[in-house]
Amino acid sequence: TARSAHNARVDELLDAVQLLDGVSERLVGADGGALRRAAVALAKLVGFVKPFSRRRSEATSRGGKS
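Report on the accompanying structure.

Reading guide: rules and limits
Residues numbered from 1 in each chain as written. Predicted model: local features only at pLDDT ≥ 70, side-chain atom pairs only at ≥ 80, totals over all residues. Heavy atoms only, no water. Helix = DSSP H or I, 4+ residues; strand = E, 2+ residues; numbered from the N terminus. Buried < 20%, exposed > 50% of the residue type's maximum accessible area, 1.4 Å probe, protein only. Areas by Shrake-Rupley, 256 points an atom, 1.4 Å probe, with all protein chains shown as cover. Contact = heavy atoms within 4.5 Å.

## Some remarks on the overall build of the chain
Working step 1: What the chain contains, in helices and strands, is two helices and zero strands.
Working step 2: Taking all 66 residues of the chain together, the buried fraction comes to 5%.
Working step 3: Accessible surface computed for the chain: about 5900 Å², of which carbon and sulfur atoms make up 61%.

Shown next as structure tokens:
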């Protein structure tokens, strides 16, 4: 029925929120060290991805393949 489908979706949403809550608790932790490590890793990833994006953009503007 529509009600049971709705309840199933709400249960899935609750599971997702609880998972995110657990992840955030681990990231913040007592000293926030995991959050700092995650921020550093993300910054490295963004720094790694940017040069590739720039090269692709330059190749496209010169008529090369993207």
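## Some points on the environment of Ala34
Working step 1: On the secondary structure map, Ala34 appears in helix H2 (residues 33–61).
Working step 2: Along the primary structure Ala34 and Ser24 are separated by ten residues, whereas in three dimensions their C-alpha atoms are 9.8 Å apart.
Working step 3: Not counting residues within four places of it along the chain, the set of residues in contact with Ala34 comprises Arg26 and Leu27.

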